[in-house]
Each structure stands twice: as C-alpha cells, then as structure tokens.
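A structural walkthrough
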Amino acid sequence: GTAADLIKLAMIRIDRLLREENWQARMLLQVHDELIFEAPPEEAENLARLVKKEMESVYRLSVPLIADTGIGENWRDAK
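Residues numbered from 1 in each chain as written. Predicted model: local features only at pLDDT ≥ 70, side-chain atom pairs only at ≥ 80, totals over all residues. Heavy atoms only, no water.

Details of the packing of helix α1 (residues 2-20) against helix α2 (residues 41-56)
Their axes nearest at 9 Å, the elements α1 and α2 cross at an angle of 140 degrees. It follows that α1 is oblique to α2 by the angle criterion. Helix-helix and strand crossings are classified by hand; for α1 and α2 the assignment is right-handed. Residue-level inspection shows I7, A10, R13, I14, L17 and L18 of α1 in contact with α2, the latter providing L47, L50, V51, E54 and M55. Residues that form the contact of α1 with α2 fall into these classes: nine nonpolar, no polar and two charged. (Axes fitted to C-alpha atoms, helices over the stretch in contact; angles between N-to-C directions. Helix = DSSP H or I, 4+ residues; strand = E, 2+ residues; numbered from the N terminus. Parallel < 35°, antiparallel > 145°, perpendicular 65-115°, else oblique. Left-handed = near helix turned anticlockwise from the far one by under 90°. Contact = heavy atoms within 4.5 Å. Nonpolar A, V, L, I, M, F, W, Y, C, P; charged D, E, K, R; others polar.)

What follows is the structure, given as structure tokens:
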C-alpha cells in the first residue's frame, strides 16, 4: 500500500513538472515500482536527474528513499 501511494505521488509531481516546463519527454508506463519514460536523447540525462530527485523526495520518511535510474534504447538496455 505505502509503496503504491508513494509512486503515485511521484508520478503526479513528475507529470506536472514535465508539462509546466514543456519537456518533450513523456511518462509511458508504470511497472510495479518502475516508471518508463520516452525522451529525446538531449533530455535523457536531465530527465533521469529530475525523476530521481522527485522520487527520492516525494515524502519524508525516517529511512531514505533511494531511486535508481537507467537510460537506454529500450527497457532492457536501461537496466
């Protein structure tokens, strides 16, 4: 339950930022605790930083939230 709530909050925040800041990147899919994005190569590194920051700061807990990112041509290569 809590993990699902946290990722939903992060998804809302990330989507809002992508729209407000006119990114070309788009959130495509959520699979369990992973988010899949499509972005032009020139946005990929900045998008990874944004997603990591938003996911790790979505809610203050007594333990740290750690998010890993990956970039690739497809989901397999991004891991």
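Quick look at the nonpolar core
Across soluble globular proteins, nonpolar side chains show a tendency to be buried alongside one another. One finds I14, L18, F37, L47, L50 and M55 to be the most contacted residues of the largest nonpolar core, which totals 16 residues. Mapped onto this core, the elements with two or more residues apiece are α1, β2 (34-38) and α2. Considering each element in turn, this core owes the most residues, six residues, to α1. (Core = buried A, V, L, I, M, F, W, Y, C linked by side-chain atoms within 4.5 Å. Buried < 20%, exposed > 50% of the residue type's maximum accessible area, 1.4 Å probe, protein only.)

What about a nonpolar patch on the surface?
On the surface, L9, Y59, L61 and V63 cluster together into a nonpolar patch covering about 370 Å² of accessible area. Counting through the fold element by element, Y59 comes out in the loop between α2 and α3 (75-78). By relative accessible area, Y59 is classed as partly exposed at 49%. (Patch = residues over 30% accessible without salt bridge, like charges linked within 9 Å, V, L, I, M, F, W, Y side chains within 5 Å. Areas by Shrake-Rupley, 256 points an atom, 1.4 Å probe, with all protein chains shown as cover. Salt bridge = Lys/Arg side-chain N within 4 Å of Asp/Glu carboxyl O.)

Points about unusual backbone geometry
Non-glycine residue N22 carries a positive phi angle of around 55 degrees. Mapping N22 onto the fold places it in the loop between α1 and β1 (26-31). The residue H32 is not glycine, and still its phi comes out positive at about 55 degrees. As for its position among the elements, H32 is in the loop between β1 and β2. For H32, a relative accessible area of 72% gives the class exposed.

Everything listed is a geometric property; what it means functionally is a separate question.
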